[in-house]
Amino acid sequence: MSDAVFTVGTRGSQLAMTQSRWAADAVSRAGGTEHELVTVRTEGDVLTGPLSQLGGTGVFATALRAQVLDGRVDLAVHSLKDLPTAPVEGLWIAALPEREDPRDALCARDGLTLEQLPEGAAVGTGSPRRVAQLRALRPDLRIVDIRGNVGTRLNRVDPGDPGDLDAVVLAASGLKRLGLEGRITEYLDPHRMLPAPGQGALALEIRADADPGSPLVRGLAAVDHAPTRLAVTAERAVLAQLEAGCAAPVGTYARLADGVLELDVVVADPDGSEVVRRSETLADPTVATADAFGRRIADDLLADGADRLARLTL
Ligand SMILES: NCc1[nH]cc(CCC(=O)O)c1CC(=O)O
């Protein structure tokens, strides 16, 4: 293979393929080079149990990362929220492109909003974070543990088979990337439903010893988006300091406005009966201070008993 062509590892789901293609096209364009897509099957794609019981974090990311480390592919495109916060020796997140919509979205039958769902309505999600916040907003709902790809989840709401749910909650970013935003009946404002740390952002990861002069590395530098990096650094610092994973009932949302980083955090009891929140700002952030800021807020939350609340140490 020519040096000018880089290979991109991707999971095989429609969403993963779509976002890998989008990211690789952007890097290719910016770096003036070509690429090839290689599909990788991951543990998360093979196992079918409830997501919260698959154990450990990173079920989607580990196989892809191994391919990069082994040199079988040059670039892995991850959904940042599926990527464990612990750094991996030999790997480098060389680009975080501008974040897509970070919000969660309700896809309900008959155009209903969360407020309009009837008493006791069945709402599907596999995420403890969404479960806890949904229960806090609507304790009457019947929450159904679901997983599978976006299409499978939406089918549960469509008339016909199985059609057993009144609504599902999904990431707006995934729906938008798939051209399915028409299915969204309500965007859930972060004030009511804080997204997962890193939600809506893609992490473009390569080997740490990649040639800095290569078209791949130059293309990655061009698609990196500094405000996104600052925001998700603070969000993931909270998660790392809480020692929580993507299955923890922890929601965060950071954004940069006029040089000030604003960060909202929620840690919830799994049944949503107790939630602790924080909202703070940091002026003139750098990646280092955004990281320290997120960790300090997590420490404050731990001092307030967040670990007991979310049973983070179980
Ligand atoms: N956990 C599954 C997952 N991982 C990334 C996305 C897409 C959202 C994103 O880009 O962060 C989804 C689907 C979802 O949460 O609805």
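Residues numbered from 1 in each chain as written. Predicted model: local features only at pLDDT ≥ 70, side-chain atom pairs only at ≥ 80, totals over all residues.

(A) Here's a closer look at helix 7 (residues 215–223). Every buried residue belonging to helix 7 is among Pro-215, Leu-216, Val-217, Gly-219 and Leu-220, and all of these are buried. Packed against the buried residues of helix 7 are strand 1 (5–10), helix 1 (14–31), strand 3 (75–79), strand 4 (91–95) and strand 10 (202–207). (Buried ≥ 20, exposed ≤ 12 C-beta atoms within 10 Å, placed from the backbone. Helix = DSSP H or I, 4+ residues; strand = E, 2+ residues; numbered from the N terminus. Contact = placed C-beta atoms within 7 Å.)

(B) Quick peek at the sheet that holds strand 12 (residues 260–268). Spatial strand order, 11-12-13: 3 strands in an open sheet with antiparallel pairing. Of all the strands in the sheet, the pair left with one neighbour each is strand 11 (250–257) and strand 13 (275–283). Strand-to-strand twist in this sheet, taken as the mean axis angle between neighbours without regard to direction, amounts to 10°. The pairing of strand 12 with strand 13 spans 9 bridges and is antiparallel. In the sheet register, Val-266 faces strand 13, and the bridge partner there is Arg-277. Seen against the sheet, helix 4 (residues 128–137) touches strand 11, strand 12 and strand 13 and runs at an angle of roughly 80° to strand 12. Across the sheet, helix 8 (residues 226–241) is in contact with strand 11 and strand 12; its angle to strand 11 comes to roughly 150°. (Pairing = 2+ DSSP bridges. Axes fitted to C-alpha atoms, helices over the stretch in contact; angles between N-to-C directions.)

(C) Spatial organisation of the site of the ligand. Near the ligand the following residues occur: Ser-79, Lys-81, Asp-82, Leu-170, Ala-171, Ser-173, Gly-174, Gln-199 and Gly-200. Elements with a contribution of two residues or more to the shell around the ligand: strand 8 (167–171) and helix 6 (172–177). Looking at side-chain class alone, the shell around the ligand contains 2 nonpolar, 5 polar and 2 charged residues. (Near = placed C-beta within 6 Å. Nonpolar A, V, L, I, M, F, W, Y, C, P; charged D, E, K, R; others polar.)

(D) Highlighting helix 1. With 18 residues, helix 1 extends 25 Å from end C-alpha to end C-alpha; this agrees with the ideal 26 Å at 1.5 Å per step. Taken as a whole, helix 1 has its buried residues at Ala-16, Gln-19, Ser-20, Ala-23, Ala-24, Val-27 and Gly-31. In an axial view of helix 1, the angular spread of the buried residues amounts to 130°, which keeps them on one side of the axis. Every exposed residue of helix 1 that faces more than 90 degrees away from the buried side is listed here: Asp-25 and Arg-29. Where the residues of helix 1 are buried, they touch strand 1, strand 2 (34–39), strand 3, helix 6, strand 10 and helix 7. (Expected span 1.5 Å × (residues − 1). Arc of directions from axis to C-beta.)

(E) Quick peek at the domain arrangement of the chain. Domain annotation for the chain reports domain 1 (5–97 + 201–224), domain 2 (104–188) and domain 3 (234–310). Look at where the C-alpha atoms of domain 2 and domain 3 centre, and you get two points 25 Å apart. Across the contact, 8 residues belong to domain 2 and 12 residues belong to domain 3. Residue composition of the side of domain 2 that touches domain 3, by class: 5 nonpolar, 1 polar and 2 charged. (Domains from an automatic or database assignment.)

(F) Summary view of the packing of helix 1 against helix 7. Across the interface, helix 1 lies against helix 7 with an axial gap of 7 Å and an inter-helix angle of 110°. By the angle between their directions, the pair helix 1 and helix 7 is classed as roughly perpendicular. Packed against helix 1, whose contacting residues are Ala-26, Val-27, Ser-28, Ala-30 and Gly-31, the element helix 7 presents Pro-215, Leu-216, Arg-218, Gly-219, Leu-220, Ala-222 and Val-223 at the interface. (Parallel < 35°, antiparallel > 145°, perpendicular 65-115°, else oblique.)

(G) Spotlight on the packing of helix 8 against helix 9 (residues 287–303). Two elements in contact, helix 8 and helix 9, have axes whose closest approach is 7 Å; the angle formed by their N-to-C orientations is 35°. Seen along the crossing, helix 8 lies across helix 9 with a hand that is right-handed. Here Arg-229, Leu-230, Thr-233, Ala-234, Glu-235, Ala-237, Val-238 and Gln-241 of helix 8 come into contact with helix 9, specifically with Val-287, Ala-290, Asp-291, Phe-293, Gly-294, Arg-295, Ile-297, Ala-298 and Asp-299. Partitioning the contact of helix 8 with helix 9 into residue classes produces 9 nonpolar, 3 polar and 5 charged. (Left-handed = near helix turned anticlockwise from the far one by under 90°.)

(H) Highlighting the nonpolar core. In terms of nonpolar packing, the biggest core is built from 79 residues, with Leu-75, Ala-167, Leu-204 and Ala-234 touching the most fellow members. With 7 residues, the top contributor of residues to this core is helix 8. With near-sequence residues (within four places) excluded, Leu-204 lies in contact with Ala-23, Val-27, Leu-75, Val-77, Ile-93, Ala-94, Ala-95 and Leu-220. (Core = buried A, V, L, I, M, F, W, Y, C linked by C-beta atoms within 7 Å.)

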